[in-house]
Amino acid sequence: MKKAVSLMMAAAMTMGLAACGSSASTDTAASTADAASTTEAAESTADSAAAADGKVYHVGICQLVQHEALDAATQGFKDALVEKLGEGNVKFDEQNASGDSANCATIVNGFVSNGVDLILANATAPLQAAAQATADIPVLGTSITDYATALDISDWTGTVGNNISGTSDLAPLDQQAAMIKELFPDAKSVGLLYCSAEPNSVYQCDVIEGYLTKEGYTVARYAFTDTNDVTSVAQSAADNSDVIYIPTDNTAASNTEAIANVVLPAQVPVVAGEEGICSGCGAATLSISYYDLGYATGEMAAKILAEGADISTMPVEFAPNVTKKYNAANCEALGITPPDDYVAIG
């Protein structure tokens, strides 16, 4: 555009020096002005496209329950979309289901009725509800451990293949089993404490039980059905286990205080599948960043909304990094000294 303006000024100077207006000079000036106008219009169009064509996208967010991990994933998702689309170009309808699957169905059906442009399903129950509610609106999951289990897919290839994709919070279960061996080499028994109503928790326990058995541990399962029996089941696990493992389980994450009140007095350490649970009742975890996971989901959403990416071909993504972390206060109470490569939970 600067070049066009320079040409226009040069044309004007030429006309002044000639002290007379020729039709050729007039035509040149007009042509240059037209070129400047065309360039400015093109730049304006590019700016408009960069701002998502000025469209305001409406995104519904259904989060299963309020706790640290899911909250971080939701925030990361929102931050990524605002950064990619612009603050004025995306509006969020954020709702919490308070841990109730029926509420998830009500919330996502409301999103469908309102014609949102995209749904974020934060945790398994919201994802399942969204899958039932719509086959047209793009649905992105986050904080989902295993999509094949959550959506009952038998021939999993990495993509759901319809209007659903997203990110998985599954940290390597073989590495979590190795962490238990590293920290507690003299332990004989490991109790798996989880909510039987959460399919992804069942999946994690199925997988890690195989790894722990290969490590020589005796493994027993202690499943609670909801918040009402967490304490009694945790007590049973503590009474019969040298170490307790808790997967990425939303019900457990909402009841870490109750679990801590059982396991710490019993001097039974907990290795957790994620940082939020470890912060409440655990000794150590192999953790991902839920904020980063949500942010990656937001980047996927931006591609779908602003770039027209086909969600049916988008593979489920995983957290790029995992970190060994420990709960300093709980480790001190249990007399555990973590290895040097473990990072204290902030």
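Predicted, not measured: the structure shown is a model, and the values here were computed from it.

Thresholds applied
Residues numbered from 1 in each chain as written. Predicted model: local features only at pLDDT ≥ 70, side-chain atom pairs only at ≥ 80, totals over all residues. Heavy atoms only, no water. Helix = DSSP H or I, 4+ residues; strand = E, 2+ residues; numbered from the N terminus. Contact = heavy atoms within 4.5 Å. Areas by Shrake-Rupley, 256 points an atom, 1.4 Å probe, with all protein chains shown as cover. Phe/Tyr/Trp six-rings, centres within 6.5 Å; stacked < 30°, edge-to-face > 60°. pLDDT = per-residue confidence, 0-100. Buried < 20%, exposed > 50% of the residue type's maximum accessible area, 1.4 Å probe, protein only. Pairing = 2+ DSSP bridges. Axes fitted to C-alpha atoms, helices over the stretch in contact; angles between N-to-C directions. Salt bridge = Lys/Arg side-chain N within 4 Å of Asp/Glu carboxyl O.

**Topic: the overall build of the protein**
Line of reasoning, step 1. Scanning the protein for helices and strands turns up 14 helices and 13 strands.
Line of reasoning, step 2. Within the protein, counting contacts between residues at least 6 apart in sequence, those at least 24 apart form 72% of the total.
Line of reasoning, step 3. Of the roughly 15600 Å² of accessible surface on the protein, 49% is carried by carbon and sulfur atoms.

**Quick look at the packing of aromatic side chains**
Line of reasoning, step 1. Under the definition given, this model contains three aromatic pairs.
Line of reasoning, step 2. Look at Phe 77 and Phe 92: their rings are 6.4 Å apart centre to centre, the planes differ by 65 degrees, and that puts the pair in the edge-to-face class. Of this pair, Phe 77 sits in helix 3 (residues 68-85) while Phe 92 sits in strand 2 (residues 90-96), placing them 15 residues apart in sequence.
Line of reasoning, step 3. An angle of 35 degrees between the planes, with centres 6.4 Å apart, marks the rings of Tyr 291 and Tyr 295 as tilted. Here Tyr 291 pairs with Tyr 295, and both are found in helix 13 (residues 290-307), just four residues apart, close to one helical turn.

**Topic: the confidence of the model for the protein**
Line of reasoning, step 1. Mean pLDDT over the protein stands at 87; residues scoring 70 or higher make up 85%.
Line of reasoning, step 2. Ignoring residues within four places in sequence, the model shows residues 1-52, a span with pLDDT below 50, making 20 contacts including any to other chains.

**Digging into the side chain of Asn 330**
Line of reasoning, step 1. Residue placement: Asn 330 occurs in helix 14 (residues 328-334).
Line of reasoning, step 2. Residue class for Asn 330 comes out buried when judged on its relative accessible area of 9%.
Line of reasoning, step 3. Setting aside residues up to four positions removed in sequence, Asn 330 forms contacts with Leu 264, Cys 278, Gly 280, Cys 281 and Gly 282.

**Here we look at the sheet that holds strand 8 (residues 243-246)**
Line of reasoning, step 1. Taken in spatial order, the seven strands line up as 7-6-8-9-10-12-13 in an open sheet, and their pairing is mixed. Of all strands in the sheet, those bounded by a partner on one side alone are strand 7 (218-224) and strand 13 (343-344).
Line of reasoning, step 2. Sheet analysis places strand 6 (residues 189-195) next to strand 8, joined by three bridges and oriented parallel. Each bridged residue has a counterpart across the sheet, and for Gly 191 the counterpart in strand 8 is Ile 244.
Line of reasoning, step 3. Where helix 9 (residues 230-240) meets the sheet, it contacts strand 6, strand 7 and strand 8, and its direction lies at approximately 170 degrees from that of strand 7.

**Some thoughts on the sheet that holds strand 2**
Line of reasoning, step 1. Spatially, the six strands line up as an open sheet ordered 2-1-3-4-5-11, and their pairing is parallel. Of all the strands in the sheet, the pair left with one neighbour each is strand 2 and strand 11 (317-318).
Line of reasoning, step 2. Summarising the sheet, strand 4 (residues 139-144) and strand 5 (residues 164-168) pair through four bridges and their orientation is parallel. Residue pairing across strands places Gly 141 opposite Gly 166, the latter belonging to strand 5.
Line of reasoning, step 3. Taken strand by strand, helix 4 (residues 101-114) contacts strand 1 (57-63), strand 2 and strand 3 (118-122), and its axis lies near 175 degrees from that of strand 1.

**Topic: the pattern of salt bridges**
Line of reasoning, step 1. Inspection of the entire model under this criterion finds eight salt bridges.
Line of reasoning, step 2. A salt bridge links Lys 55 to Asp 117, with the shortest nitrogen-to-oxygen separation between them at 3.7 Å. On the criterion of sequence distance, the pair formed by Lys 55 in the loop between helix 2 (23-50) and strand 1 and Asp 117 in the loop between helix 4 and strand 3 is long-range, its members being 62 residues apart.
Line of reasoning, step 3. Overall, the relative accessible area of 40% leaves Lys 55 in the partly exposed class.
Line of reasoning, step 4. Put simply, Glu 182, Lys 324 and Asp 341 are held in one network by salt bridges that share partners.

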